[in-house]
Amino acid sequence: MEGRERAGAGQTCGCASASAVGGDENQQVTEKPVEICIVDDDPSVDEENDTSTLQDGEAIGKFVPSPLVPLRDQIEKDKEDESLRRWKEQLLGCVESDLDGKTEPEVIFHSIGIISDDIGEISTPIPVDESKSSCALFTLKEGSEYRLKLAFTVLHNIVSGLTYTNAVWKGGLQVDQSKGMLGAFAPRREPYVHTLDEETAPSGVLARGMYSAKLKFEDDDQRCHMELKYSFEIQKRS
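By convention here, each chain's residues receive numbers from 1 onward along its written sequence. At least 70 in pLDDT is required for a residue's local features to be given in this predicted model, at least 80 for side-chain atom pairs to be given and counted, and no such filter applies to totals for whole chains, interfaces and linings, which use all residues. The basis for every side-chain value is the complete set of heavy atoms in the structure, and neither hydrogens nor water enter the calculation.

Asks: Sorry, what's going on with the pattern of salt bridges here?
Replies: Close approach of charged atoms lets side chains of opposite charge pair. Any Lys or Arg side-chain nitrogen found within 4 Å of a carboxyl oxygen on Asp or Glu counts as a salt bridge. For the structure shown, the criterion picks out 8 salt bridges. K216 is paired through a salt bridge with E227; the nearest N and O atoms lie 4.0 Å apart. Here the residue K216 occupies a position in strand β13 (residues 209–218), and E227 occupies one in strand β14 (residues 224–235), the gap between them amounting to 11 residues. To sort residues, take the accessible area from a 1.4 Å probe on protein chains only and compare it with the maximum for the residue type: under 20% means buried, over 50% means exposed, and anything in between is partly exposed. Classification of K216 as partly exposed rests on a relative accessible area of 29%. Here a strand is any run of E in DSSP of at least two residues, a helix any run of H or I of at least four, and the numbering for each starts at the N terminus.

Asks: Looking at this structure, I do not really get the nonpolar core. What am I missing?
Replies: Note on soluble globular proteins: their nonpolar side chains tend to be buried together. Remark: nonpolar core denotes a set of buried residues (Ala, Val, Leu, Ile, Met, Phe, Trp, Tyr, Cys) joined through side-chain atoms within 4.5 Å. Counting 34 residues, the largest nonpolar core has F152, F217 and Y230 as its most contacted members. For this core, the secondary-structure elements that each account for two or more residues are β5 (106–116), β7 (136–141), β8 (145–155), β9 (159–170), β10 (173–185), β13 and β14. What makes two residues a contact is simply this: any of their non-hydrogen atoms within 4.5 Å. When residues no more than four places from it in sequence are discounted, the contact partners of F217 are F109, L150, L162, T163, Y164, L182, R223, C224, H225 and M226.

Asks: Whenever I open this one, the sheet that holds β10 confuses me. Can you help?
Replies: To summarise the sheet geometry, strands pair through backbone hydrogen bonds and adopt either a parallel or an antiparallel arrangement. Two strands qualify as a pair provided DSSP detects at least 2 bridges between them. Spatial strand order, β7-β14-β13-β9-β10: 5 strands in an open sheet with mixed pairing. Sheet topology places β7 and β10 at the edges, where each strand pairs with a single neighbour. When strand polarity is set aside, the average angle formed by the axes of neighbouring strands in this sheet is 25°. Geometry is summarised by axes, namely lines fitted to C-alpha atoms with helices restricted to the contacting stretch, and by angles between N-to-C directions that run from 0 to 180 degrees.

Asks: Teacher, can you tell me more about the packing of aromatic side chains here?
Replies: Each aromatic ring pair is described using two quantities: the centre-to-centre distance and the angle formed by the ring planes. When the centres of two rings from Phe, Tyr and Trp lie within 6.5 Å, Trp using its six-membered ring, the rings pair. Their planes under 30 degrees apart give stacked, over 60 give edge-to-face, and anything left gives tilted. Under the definition given, this model contains 10 aromatic pairs. Where F152 meets F185, the ring centres are 5.2 Å apart and the plane angle is 90°; that geometry is what we call edge-to-face. Placement of F152 in strand β8 and of F185 in strand β10 is noted, with a sequence separation of 33 residues between them. Three or more aromatic residues joined by ring pairs make a cluster, and in this case those are F109, F152, Y164, F185, Y192 and F217. Note on geometry: a ring has a charge over it if NZ (lysine) or CZ (arginine) is within 6 Å of the ring centre and within 35 degrees of the ring normal. Across the ring face of Y211, the terminal group of K170 is positioned such that the distance to the ring centre comes to 5.8 Å.

As structure tokens, this is what we get:
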């Protein structure tokens, strides 16, 4: 910075005075002392007084998301712009008549299925028939690879951070748990079809038999959209 005088490390702030003598040696003109601030190079001085400096382990700040706004309100903001309104409807996969002004998103699951090279594809409607809830929804061969397949519809608003947890028990003991991210989905008329990550059925004598499982879906606001309990069986590979 112009007009700034620097000193070596460790030098503290001080003042220097200057005087001038006129042409007449009997007449002295004393100038007002000029203060020159000498800045310490040690950055810790400023950091001690800087409240924005973070200490170890301190968070930058808790992120507070903006409140949910009904999609109908979002569309009505640009209702006079026909091209923009149509672009929003195309992006969201819905039209204004489908929106009811509700703020909270809702996910409705229609079916759960399984895809495997051994058995092909099997699909079961949701909610599962009570008479079949205690029976095996599907049967796998030991060591086979399979994927769960789901069909669902999103209503009212965009659901973000939709995740799933699939916990499995055998004989009262939890033997497996898988988690995964599905993503964000906008409301639309057509159902979404999503396939979960591939898994491998266990092998061996102890792995055969009946299993119980619980499949749970939540979004990033910890809303639980479905909790499904089901059973399946693993058989010996012939």
